[in-house]
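Structure assessment
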Amino acid sequence: MAQNKKILDARNIYTYFYTESGVVEALDGVSFDVNYGEPVGIVGESGCGKTVTAHSTLRILPKNGKTVAGDIIYKGVNLLDLPDLQMRRIRGKEIAMIFQDPMTSLNPIFKVSDQMTEVIALHRKCNKKEALEIAIETLDQVGISEAEKRITDYPHQFSGGMRQRILIARALALQPSLLIADEPTTALDVTIQAQVLEIIKEMQKKLGLAMMLITHNLGVVAETTKRVHIFYGGRVVESGPTEEIFLDPKHPYTYALFESIPSLEKDKTRLETIPGNVPRLINPPKGCRFHPRCKYATEICSRVRPPEFKFGKGRRVACHHFEELDLHIDMESIRESKAIKEEA
Amino acid sequence: MTTLEEYETIDLFSNWDQKTQPIITIDNLKKWFPVSQQSVLFSRVVANIKAVDGVNLFLNKGETLGLVGESGCGKSTTARVIVKLEKPTEGSIYFKGIDIFQPMSREEELAVKRQLQMVFQDPYSSLNPRRMVLDLIKEPFDIHYPDMLYEEKESRVLEILAKVGLEDYHALRYPHEFSGGQRQRLGIARALAIHPEVILLDEPVSALDVSVQAQILNLLHDLQKDFDLTFMFIAHDLSVIKHVSDRVAVMYLGKIMEMCPTGELFRKTAHPYSVSLLSAIPRPDPRIKMDRIILEGDVPSAINPPTGCPFHPRCYKAQEICSKVTPQLEELEPNHYVSCHFPEI
């Protein structure tokens, strides 16, 4: 029963924003899925539609945005068809979200305890006192020491890493089945990022959560997720198991993305670059959206939208030339530098 | 066209010996920002934010020194003091053997500033939106070479635009017409225009997307060769630092923890803070499974930093002495400076 494995199955979503300067095709036929209990990564550069995907799933798009076509099946129900009232029961209780910026996601004029117990009491149908106990317990789980005392503090009394922990606790206190984490560590320093990632990983395993981790940081994805969807210009260009994609990317964009990041393992004086900029989605390139920046592009790429090829264990790639291309990451230098490390 | 050197009227740096002396030496630099409390009539200083608290470092001619550290550790403040945007609270900075904060005439001051330029982090807010690119890049010439003919300034602007990979017609545009990567090129062009010796790059790529980041890093590499530049490259991303720099200085709470050639920082990491910093970076390779040292707690406040070694409350090797005696930056091995009581080497 392959169907039942999927907690979230999004097919061909089209989300458009209607602005004064035209229609922005933010999502252009995006399909992805998340299995029960599985951490999945959504990777891409800014403006590629990662966050819009999350917002479309939860139906929290701004007024000028609309999902015009597609199906988002969550536990067998199409979220796009649900009445607003039922959708409100899904948000938070079933699908929880952690936002990027811990500084602005908490209301500065309310105590942490108020902000947490309000949602807990509402969704878990308990009274304030019980809600407070739940809140303290989850805060304790995410590693806030003396949670009982600190819960009556205001957000400004916490550091960035602490605030992100509070948001994680608030999301998990409702016992959701799916957690959407939108760049949860981008605003944090590396040592704090390591702490927060560790907590997210630990909680995900302990609670058996399905998770959508949205990020541009390839290192975070490699460490946290089992499967990954690579986004570019409002489309999914490649998806499959994280390990396979990182070692053997099939789409020229994925390959170029990996080659353009400076690495601690590789010794190189020049980085491979992708010429040009991330495309504007108001008037996106025709055919394959990556073709103006792709060194393998041919005439067909500028005309025809590439179909999705399926191969291997659940891998998909959208490129006309995927069968002819021989892309592989230069692992030789990595192995060498590792050998040096082991010697030392 | 005449070279810019021919415009030079004063000779400040004749005593500098290029072979033996570093181009910049920073000696016990402190920069404290007072926190004041306002009463009815008077305000009084209640505390100091010790942004930079006793930094010693040097920069050799032609190299790239990477300055790495978490937010709030004083990286940017150090750079701002070097380009004389801030006055130090204590300590001195020598550029080519001259103390740049000694009293000097306007001409001498300009001569120093000509050689020290800075590229700022945010390409969106560091360019005046109401001025054309031509005016933006011409401004350094207006300030430093007021006698230069307009035509010459203009041709120099076009020359510099070409150097950073932009076209002639871009000169007549306004900043909002450029993408993030192009704006950072403009920032670099502005710093480069008057041919400085040293450029301080304050997180020049952290606001950019990875694919654009690579373009800028390559451009900086080429410019350094072409113009024989010395870079101080500030970043919080260690993989970028590793890629660009010849030497690295690791900063924490206003102090230098470790300074050594880049390769050594990764092979022979000496300071416990550097060790934990390195192990905290997520690696983009799913097969690497590491035993990670996860630091407890947050970076302490710079208003009231811990006594002794600033890192001791979070350090896995800390002992009693660490909380009492501040370790000094010492040269443990040739060119490898560490300030720690119990270094790993």
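Check the entry above for the structure.
The sections below set out a description of the structure shown in this document. (Residues numbered from 1 in each chain as written. Chains lettered and ligands numbered in written order. Predicted model: local features only at pLDDT ≥ 70, side-chain atom pairs only at ≥ 80, totals over all residues. Heavy atoms only, no water.)

**Notes on the sheet that holds strand β9 (residues 227-232) of chain A**
All names here are of chain A. Filter applied, for reference: For two strands to be treated as a pair, DSSP must find no fewer than two bridges joining them. For the purposes of this entry, the term helix denotes a DSSP run of H or I that reaches at least four residues, the term strand denotes a run of E that reaches at least two, and both are numbered from the N terminus. Axis definition: a line fitted to C-alpha atoms, over the contacting stretch in the case of helices. Angles run 0 to 180 degrees between N-to-C directions. Note on definitions: a residue-residue contact is assigned when non-hydrogen atoms from the two residues lie within 4.5 Å.
With mixed pairing, 8 strands are arranged side by side in an open sheet as β6-β7-β8-β3-β9-β10-β12-β11. Strand pairing shows two members of the sheet lacking a second neighbour, β6 (95-98) and β11 (308-311), which therefore form its edges. In this sheet, adjacent strand axes meet at a mean angle of 20 degrees when their direction is disregarded. Of the pairings in the sheet, the one linking strand β7 (residues 178-182) to strand β8 (residues 210-215) comprises 5 bridges and is parallel in character. Bridge pairing links Ile180 to Met212 in β8. Sitting on the sheet, helix α1 (residues 50-58) touches β3 (39-43), β6, β7, β8 and β9, and the angle it makes with β6 is about 145 degrees. The sheet contacts of helix α10 (residues 252-260) involve β9 and β10 (235-241), and relative to β9 the element is tilted by about 95 degrees.

**Some thoughts on a negative patch on the surface**
Here is the rule: Within this analysis, patches are made of residues with over 30% relative accessible area and no salt bridge. Like charges are joined at 9 Å or less; nonpolar side chains (Val, Leu, Ile, Met, Phe, Trp, Tyr) at 5 Å or less. We get accessible surface area from the Shrake-Rupley algorithm with a probe of 1.4 Å; when it comes to residues, only the shown protein chains can shield them. Salt-bridge detection follows one rule: a side-chain nitrogen of Lys or Arg within 4 Å of a carboxyl oxygen of Asp or Glu. Residues scored as positive are Lys and Arg, those scored as negative are Asp and Glu, and His as well as the terminal groups of each chain are ignored. For this purpose, a charge sits on NZ of Lys, CZ of Arg, CG of Asp or CD of Glu.
Negative charge collects at one region of the surface, where Glu130, Glu133, Glu137, Asp140 and Glu148 of chain A lie side by side. The topology assignment puts Glu130 of chain A in helix α4 (residues 128-141).

**Some remarks on the pairing of strand β6 (residues 116-119) of chain B**
Residue and element names in this part refer to chain B. Keep this limit in mind: With a 1.4 Å probe rolled over the protein chains alone, any residue whose accessible area is under 20% of its type maximum counts as buried; one over 50% counts as exposed, and the rest are partly exposed.
Residues Leu116 and Met118 line one face of β6 and the alternating positions Gln117 and Val119 line the opposite face, and both faces are buried. Pairing between β6 and strand β7 (residues 198-202): 4 bridges, direction parallel. Across the sheet, the residue bridging to Leu116 is Val198, located in β7.

**Here we look at the side chain of Lys255 of chain B**
Residue and element names in this part refer to chain B. Worth spelling out the cut-off: Contacts described as polar in this section are N or O atom pairs within 3.5 Å, which, within protein, must combine one atom able to donate a hydrogen with one able to accept it, while residues neighboring in sequence count only if both atoms come from side chains.
Here Lys255 lies in strand β10 (residues 255-261). At a separation of 3.4 Å, a polar atom in the side chain of Lys255 contacts the side chain of Asp53. Apart from the residues lying within four places of it in its own chain, the contact partners of Lys255 are Asp53, Val55, Val250, Pro310 and Thr326.

**Structural notes on the pattern of salt bridges**
Residue and element names in this part refer to chain A. The full count for this structure, using the stated rule, is 41 salt bridges over all chains. A salt bridge links Glu94 to Lys75; the shortest N-O distance between them is 3.0 Å. With Glu94 in the loop between α2 (84-90) and β6 and Lys75 in the loop between β4 (65-74) and β5 (77-78), the pair connects residues that are 19 residues apart, well separated along the chain. Glu94 gets classed as partly exposed once you look at its relative accessible area, which sits at 23%.

**Regarding the environment of Lys317 of chain B**
All names here are of chain B. Its location among the elements puts Lys317 in the loop between α9 (272-280) and β11 (330-333). A sequence separation of 183 residues divides Lys317 from Leu134, and the C-alpha atoms of the two residues are 55 Å apart. When near neighbours in sequence (up to four residues on either side) are disregarded, Lys317 contacts Pro272, Phe342, Pro343 and Glu344. A distance of 3.2 Å separates the side chain of Lys317 from the backbone oxygen of Phe342, its partner in a polar contact.

**Digging into the interface of chain A and chain B**
For clarity, the cut-off: The term buried area refers to how much accessible surface (probe radius 1.4 Å) is lost by two components on association, counted for both of them together. Polar here means any residue other than Ala, Val, Leu, Ile, Met, Phe, Trp, Tyr, Cys and Pro, which are nonpolar, and Asp, Glu, Lys and Arg, which are charged; Gly is therefore polar.
At the junction of the two partners, chain A supplies 48 residues and chain B supplies 38 residues. In terms of surface lost to chain B, no three residues of chain A exceed Thr191, Pro262 and Leu264 of chain A, which account for 17% of the buried area on that side. At the surface where chain A touches chain B, the tally comes to 2 salt bridges. Between Arg270 of chain A and Asp222 of chain B there is a salt bridge, with its nearest N and O atoms 2.8 Å apart. The interface formed by chain A and chain B contains 16 residue pairs in polar contact (both at pLDDT 80 or more). Contributing elements (two or more residues each) for the side of chain A that touches chain B: α7 (190-207), α8 (218-224), α9 (242-247), α10 and α11 (332-343) of chain A. For the side of chain A that touches chain B, a count of residues per class yields 21 nonpolar, 13 polar and 14 charged.

Geometric descriptors of this kind do not, in isolation, establish any biological role.
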